[in-house]
Amino acid sequence: MIPLLVNFGGFVPLSTVDWPGRAVCTVFLRGCPARCPYCQNAPLLAGEDRRELDEVAAMIAGSALVVSAVVFSGGEPTMQGDALVALAREGRRLGLAVGVHTNGAYPDTLARLVDEGIVDHVALDIKARWERYPNLLGADLTDRVKASLAFCSGAYAEGRLPEFEAVVTLFRGYEDEVAAIAREVGEVSLVLQQGVTESVTPLSFEELTAIAERLGRSCRVRTRENGEQEYEVDRGRWAAGKRQG
Ligand code: SF4
């Protein structure tokens, strides 16, 4: 049988930032159909570094004693459906929770993971309000991201996906989009994440918290300087204690 190959992007044996509240190991899978100008992992968008699945599985196994989960990131990990499903199974076999960071471009891969019960946490990037998506990613990808949002929202509501969050990476100059995005994503858990790029000054924690308070819904704010903090709209206040992102 031909061994399954992984287009490998990298491995972090211990991370506390990829799934707030957990110590995880992170596997980066190479390749992405998008070209966001602010991408933090641009070297992983193209190219090839084919590794046998067993080699990557051994990296995860090597971290299993000191982590509670494996996170798949990229690039776009769902682009390599067969490899991701196989590695998620391996994470499960090792007793780890499984998380996926995705731009939502491959809803079928997310469905495979959920249907097999081998994913616990999906963080879906929402890059803009829907009307700007076709210009950013093209019409076809826009429809696929919408399909991923609908699928994961439904799976979460049904209890088949334990954790689901929509992550909005926010850059200065686009603050006014947040209210529309919050309406468009519906009732899912919302994260406002500080966008960092060389061309504009990042929004500060104080600026992001002010935006969060105006939304009128619970959400979390994630910044480099302050980790992650949760705003509880029912209580009209920030949750006590800061979660570290
Ligand atoms: S979707 Fe993510 S990995 Fe792909 S180009 Fe955009 S930021 Fe980079």
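Before reading further, recall that the structure is shown in the block above.
Residues numbered from 1 in each chain as written. Predicted model: local features only at pLDDT ≥ 70, side-chain atom pairs only at ≥ 80, totals over all residues.

**Q** Tell me what's going on with the overall build of the protein chain, and back it up with residues and numbers.
**A** If you tally the helices and strands in the protein chain, you get seven helices and 11 strands. For the protein chain, whose C-alpha radius of gyration is 18 Å, the value lies close to the compact-globule estimate of 18 Å for 245 residues. In terms of its C-alpha atoms, the protein chain occupies a principal-axis envelope of roughly 55 × 40 × 40 Å. Within the protein chain, the fraction of its 245 residues that count as buried is 39%. (Helix = DSSP H or I, 4+ residues; strand = E, 2+ residues; numbered from the N terminus. Rg over C-alpha atoms; globule rule 2.2 N^0.38 Å. Buried ≥ 20, exposed ≤ 12 C-beta atoms within 10 Å, placed from the backbone.)

**Q** Could you give an account of helix α6 (residues 178-185), with specific residues and numbers?
**A** Within the span of α6, buried status applies to Val-178, Ile-181 and Ala-182. The arc enclosing the buried residues of α6, seen along the axis, measures out at 100°, which places them on a common side. Lining the buried residues of α6 we find β6 (121-126), β7 (163-170), β8 (189-194) and α7 (205-215). Gly-186 occupies a position one or two residues after α6 and carries a positive phi of about 80°. (Arc of directions from axis to C-beta. Contact = placed C-beta atoms within 7 Å.)

**Q** Describe in detail the packing of helix α1 (residues 53-63) against helix α2 (residues 81-93), supporting the description with residues and values.
**A** Axes are the key here: two packed helices are described by the angle between their axes and the distance separating the axes. Between α1 and α2, the shortest axis-to-axis distance is 10 Å and the interhelical angle comes to 35°. Crossing handedness for the pair α1 and α2: right-handed. For the pair formed by α1 and α2, the contact residues are Leu-53, Val-56, Ala-57 and Ile-60 on the first element and Ala-83, Ala-86, Leu-87, Glu-90 and Gly-91 on the second. In the contact of α1 with α2, the residues fall into seven nonpolar, one polar and one charged. (Axes fitted to C-alpha atoms, helices over the stretch in contact; angles between N-to-C directions. Left-handed = near helix turned anticlockwise from the far one by under 90°. Nonpolar A, V, L, I, M, F, W, Y, C, P; charged D, E, K, R; others polar.)

**Q** Give a description of the nonpolar core that names residues and reports values.
**A** Core analysis: the biggest nonpolar cluster contains 58 residues, and Val-70, Val-122, Cys-152, Val-168 and Leu-192 have the highest contact counts within it. Non-local contacts of Val-122, meaning those with residues more than four positions away in its chain, are made with Val-100, Thr-102, Leu-110, Cys-152, Leu-161 and Phe-164. (Core = buried A, V, L, I, M, F, W, Y, C linked by C-beta atoms within 7 Å.)

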